Amino acid sequence: MPGTTPLHLQRCFHHALREAVARCPSCGRFYCRECINEHQGRLLCASCLRRLLQAPAQKRRWPATVGRCAAALAGVVVAWLFFYAVGSLLIKIPSSFHEMKETSSWESQR
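Residues numbered from 1 in each chain as written. Predicted model: local features only at pLDDT ≥ 70, side-chain atom pairs only at ≥ 80, totals over all residues. Heavy atoms only, no water.

Peer 1: Explain the pattern of salt bridges here, please?
Peer 2: Where charged atoms of side chains with opposite charge meet at close range, the side chains can pair. Taken as a whole, this structure holds 1 salt bridge when the rule is applied. The partner of glutamate 34 in a salt bridge is arginine 18, with the nearest N and O atoms 3.0 Å apart. Taken together, the residues span a long stretch of sequence, with glutamate 34 in the loop between strand E2 (30-31) and strand E3 (36-39) and arginine 18 in the segment before strand E1 (22-23) at a distance of 16 residues. Residue class for arginine 18 comes out partly exposed when judged on its relative accessible area of 33%. (Salt bridge = Lys/Arg side-chain N within 4 Å of Asp/Glu carboxyl O. Helix = DSSP H or I, 4+ residues; strand = E, 2+ residues; numbered from the N terminus. Buried < 20%, exposed > 50% of the residue type's maximum accessible area, 1.4 Å probe, protein only.)

In structure tokens form, the structure reads like this:
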């Protein structure tokens, strides 16, 4: 690029006494070794890396929350259906089933 200062003459954006070793492709600023990070084959400054990593995390929260709520609701519905079916079966049992016979087997042995 004509008219720009070479990299070896640039100084770090945060540390004015340190020589810059890389330029962040996102913001275009120069940084020293301590201020630059490698992420997926690219050298990024800390603020650009933070922005890059936070953006997808915010987008993923909403579907994950909806998914967990849907799973919880489905669990409650399945539990309700199970207990409803068991209750319906218990109601269909005739009351005579619960009555004991007048002479049980252990009384006849006496």
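Alright, that's what it looks like, and here's the rest.
Peer 1: What's the story with the pairing of E3 in this structure? I'm lost.
Peer 2: Here E3 pairs with strand E4 (residues 42-45) via 4 bridges, running antiparallel. Note that in E4 the partner of glutamate 38 across the bridge is leucine 43. Between E3 and E4, which pair antiparallel one after the other, the connecting turn spans 2 residues, and glutamine 40 there sits at a positive phi close to 50 degrees. (Pairing = 2+ DSSP bridges.)

Peer 1: When you look at the packing of aromatic side chains in this model, what are you seeing that I'm missing?
Peer 2: The description of an aromatic ring pair rests on the distance of the ring centres and on the angle between the ring planes. According to the stated counting rule, one finds 3 aromatic pairs in the structure shown. Centre to centre, the rings of phenylalanine 13 and tyrosine 31 are 6.1 Å apart; their planes meet at 70 degrees, and the pair counts as edge-to-face. Here tyrosine 31 lies in strand E2 and phenylalanine 13 lies in the segment before E1, a separation of 18 residues in the sequence. Overall, phenylalanine 13 belongs to the partly exposed group, its relative accessible area being 45%. Ring plane angle 75 degrees and centroid distance 5.2 Å describe the contact between phenylalanine 82 and phenylalanine 83, whose orientation is recorded as edge-to-face. Of the two residues examined, phenylalanine 82 and phenylalanine 83, each falls in the exposed class. Above the plane of the ring of phenylalanine 13 lies arginine 29, whose end atom (NZ or CZ) is 4.2 Å from the centre. (Phe/Tyr/Trp six-rings, centres within 6.5 Å; stacked < 30°, edge-to-face > 60°. Lys NZ or Arg CZ within 6 Å of the ring centre and 35° of its normal.)

Peer 1: Please explain the side chain of glutamine 10 as it appears in this structure.
Peer 2: By the element assignment, glutamine 10 lies in the segment before E1. Residues in contact with glutamine 10, not counting those within four places in the same chain, are Thr5, Arg18, Glu19, Ala20 and Phe30. (Contact = heavy atoms within 4.5 Å.)

Peer 1: It is not clear to me how unusual backbone geometry should be interpreted in this structure. Could you clarify?
Peer 2: Leaving glycine out, the prevailing phi sign among residues is negative, and the prevailing peptide bond configuration is trans. The phi dihedral of glutamine 40 falls on the positive side, at around 50 degrees, and the residue is not glycine. Tracing the backbone through its elements, the reader meets glutamine 40 in the loop between E3 and E4.

Peer 1: Any chance you could explain the nonpolar core here in plain terms?
Peer 2: Burial of nonpolar side chains together is a common tendency in soluble globular proteins. In this structure, Cys12, Ala22, Cys24, Tyr31, Cys32, Cys35, Ile36, Leu44, Cys45, Cys48 and Leu49 together form the largest nonpolar core, which totals 11 residues. If sequence neighbours within four positions are ignored, cysteine 45 has contacts with Cys24, Cys27, Tyr31, Cys35 and Ile36. (Core = buried A, V, L, I, M, F, W, Y, C linked by side-chain atoms within 4.5 Å.)

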